[in-house]
Amino acid sequence: MAIVKMDKFNLLSFDSDRDNLLNTLQGFNYVHFNDLVKESDDNYLTEVRETKKLAEIDESLNKVNYAIDVIRDYTKDLPDELHDKVSDLSLEEINKRGANFTFDLIYEKLRNLITKREKLVQSRDNLNQKYDDLSPWQDINVNVGKLYKSDRFFLETGTISNKFYEDLQKALVERNLDGTLVYKIGERDGNLYVVAISTNKEANEFSDILREFGFTRVKIAADNEVNTYLTDLSSQKDEINAEIEAVDKEITEFKKYLPDLYIYQSYITNCRKKEASSENFLKTRQMNIIEGYVPSDRSNEFKADLDKVLGDRYILDIIPAEKDDPNVPIILKNNKLIEPYESVVATYALPKYSELDPTAIVAPFYTIFTGFMIGDLGYGLLGVIAILLALKLKEFPKETEQTLKLFLRISISACVFGFIFGSVFGGIIDVPFGWVDTTQDINQLITLSIIIGAISLFFALGVKGFMSIRDGHPDALVFDVFSWYMAVGGAIALALTKSPIAKWIMIAGMIMIVLFAGRDKKSWGARIASGTYELYGITSWIGDFVSFLRLMALVLSGGFVAYSVNLIVEMMAGSGIGGLIGGIIVFVVFQLFNMFLSYLSAYVHSLRLIYVEMFNKFYEGGGIKFREMVEDTNFINIIRRGEK
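Residues numbered from 1 in each chain as written. Predicted model: local features only at pLDDT ≥ 70, side-chain atom pairs only at ≥ 80, totals over all residues. Heavy atoms only, no water.

Q: Please set out the overall build of the protein chain residue by residue, giving values where relevant.
A: From N to C terminus, the protein chain includes 21 helices and 16 strands. In terms of overall dimensions, the protein chain has a C-alpha envelope of 115 × 80 × 55 Å along the principal axes. Residue burial in the protein chain is summarised as follows: out of 644 residues, 44% are buried. Long-range contacts, defined here as pairs at least 24 residues apart, represent 80% of the contacts in the protein chain between residues at least 6 apart. Here the protein chain contributes 70 positive and 88 negative side-chain charges, whose respective centroids are spaced 3 Å apart. (Helix = DSSP H or I, 4+ residues; strand = E, 2+ residues; numbered from the N terminus. Buried < 20%, exposed > 50% of the residue type's maximum accessible area, 1.4 Å probe, protein only. Contact = heavy atoms within 4.5 Å. Lys, Arg positive; Asp, Glu negative; His and termini not counted. Charge placed at Lys NZ, Arg CZ, Asp CG, Glu CD.)

Q: Account for helix H18 (residues 524–536), naming residues and giving values.
A: Taking 1.5 Å as the rise per residue, H18 with 13 residues should run 18 Å; its terminal C-alpha atoms sit 18 Å apart, in good agreement. When H18 is considered as a whole, its buried residues turn out to be Arg-527, Ser-530, Gly-531 and Leu-535. Looking down the long axis of H18, one finds its buried residues gathered within 140° of arc, a one-sided arrangement. Away from its buried face by more than 90 degrees, H18 exposes Gly-525, Tyr-533 and Tyr-536. Packed against the buried residues of H18 are helix H16 (474–497), helix H17 (500–516) and helix H19 (538–547). (Expected span 1.5 Å × (residues − 1). Arc of directions from axis to C-beta.)

Q: Before we move on, can you summarise the domain arrangement of the protein chain with the specific residues and values?
A: Along its sequence, the protein chain is organised into domain 1 (144–221) and domain 2 (356–619). Of note, the centres of domain 1 and domain 2, computed from C-alpha atoms alone, are 78 Å apart. (Domains from an automatic or database assignment.)

Q: Explain unusual backbone geometry to me, using residue names and the numbers behind them.
A: The phi torsion at Asp-189 lies on the positive side, around 55°, for a residue other than glycine. Assignment of secondary structure puts Asp-189 in the loop between strand E7 (180–188) and strand E8 (191–198). Even without being a glycine, Lys-498 presents a positive backbone phi close to 60°. Among the structural elements, Lys-498 can be located in the loop between H16 and H17.

Q: Give me the lowdown on the UniProt feature "transmembrane region" (unreviewed entry) in the protein chain, citing residues and values where you can.
A: Here, the residues flagged by UniProt with the feature "transmembrane region" (unreviewed entry) are residues 365–391, 412–436, 442–463, 475–495, 501–518, 548–569 and 575–600. Across residues 501–518, helical content stands at 89% and strand content at 0%; the span's end C-alpha atoms are separated by 27 Å. (UniProt positions renumbered as here; feature names shortened; annotations may be inferred.)

Q: Mind laying out the pattern of salt bridges, listing which residues take part and the relevant values?
A: If charged atoms from side chains of opposite charge come close, those side chains can pair. Counting across every chain of the model gives 28 salt bridges. For Lys-53, the salt bridge is made with Glu-275, and the minimal N-O distance between the two is 3.8 Å. Here Glu-275 lies in helix H9 (residues 258–277) and Lys-53 lies in helix H2 (residues 51–75), a separation of 222 residues in the sequence. Classification of Lys-53 by relative accessible area gives partly exposed; the value is 31%. Asp-471 is paired through a salt bridge with Lys-323; the nearest N and O atoms lie 2.6 Å apart. Within this pair, whereas Asp-471 is found in the loop between helix H15 (442–470) and H16, its partner Lys-323 is found in the loop between strand E12 (314–320) and strand E13 (329–330), the two being separated by 148 residues in sequence. Owing to a relative accessible area of 28%, Asp-471 belongs among the partly exposed residues under this scheme. (Salt bridge = Lys/Arg side-chain N within 4 Å of Asp/Glu carboxyl O.)

Listed below in structure tokens is the structure:
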């Protein structure tokens, strides 16, 4: 429930030792490098660049990602797929197995199979196109190619719109072209496929008439009878399909390499991370200049690793990081109960090193907000069961697992508030409990929302006071915290009780804000102007309180949607067995959809209440995330040193 303390180090080592140093530090993992930039007048220094090496690693990473994607795509429908299996391995084991894995041979064979398949598919597509082009002419039982070359008569094949066909026939009769014939063979998409024949004497006039009625010449690309040619094309397609099926089977057999490919992917990913980290260094002709941070409780381990790999060939200066150093990276350390809420904080911004970790503050309030907004025992229980089953039956990457645990806590909170509201799937079941009816007790919901909001806002302001004491500024506790308690709390008490004591407390708080909120200003005029501007901010408190009415609004919207679904289901269920089945389907589909919307809305709007209404009272954020030297992939969780 705190920010991990950091030590800052400056390290000078020989450039020839860099590879061994990086290997050792990656095994140590908990080191964060500052990105050192060469100053213009430092002619003896250069920035370390590994462009060529990183390009080679990126090429390997692209290849393994491609191989994994191809195999997963070809085996996604198999019952014994290994797609989502996540393994926990040490970095040492990953490096050993990754370095000895014959990836290039596997990739080359897989790529050749894919290339072969692509060519086969292209050939099949070409055959399909030929078949499609010729199928309208399948009733022609002669070799048209020979007829095209005949000197005894004129012959054309082509298409004409069916709306012009009758007019064409009439035109041929009206113009006395007795030696002509237009014969319909087939039809597709509003066009007729026709054979046009005439004597050589009437060929020119016949051609003009054909063009007049939109005739489009189509040459039949067949060197045999069309039907026979189509049969040959079908046979060729069958042969190609059989070859494609055989290739697909070979590709599918590559599924046995997936576990090793996942390890190799992790190996290459971490090789890249290791090499890229050296680009944070500066160097002279022989030496590397390195600067960064390590957790204070690991400093001795860090020094021991340096001694092991460098002996006495280095110089190290390490001191506790300064509180106000903006470059100190942040690691949050919380117990298992509130650890999942770190993602809520990180989505906004990590704390600065000088701030406190707000995770323990966020956890209870975020849980209450989300549970109140969902407010249904049925939805909560369904969420709890689904998440517990998922965590039990399947392994997930760490980030996904933490997200599921966050929603598990949200679901438990939804159960609690569902019990308070007496709501089970919008009231489909009459229950003997429930102190607040969300369909009737609107005033109580408003009161609860405002009370929760007041507690949240005053607690957030209290955190600011705690930070003032911690940082040795008791005056800030009085003038920046107590003054607002008096002004806002007095105003609320005055509105509720009309007490003159509350009025004078409110006025005293306002006077303190005006006189002392700008106490850093030198002149009293500037102080009062600044304090008056600060006092104007009291209007934002009104907006903050109103924002908490979204607690009521969301539980009402979700509840009324669920209630409406139940009404529809009741009407359907009373109309026979068909209506009962339809009602069950409607209930399941729309209740699940409403549950999804309720969870989504609660997740998003609770974030807003945390970020906008609470954080602006005490939290700034803007911290830098600690960059570890190892990185988990989708299918491999790396066991860090010291982890079990």
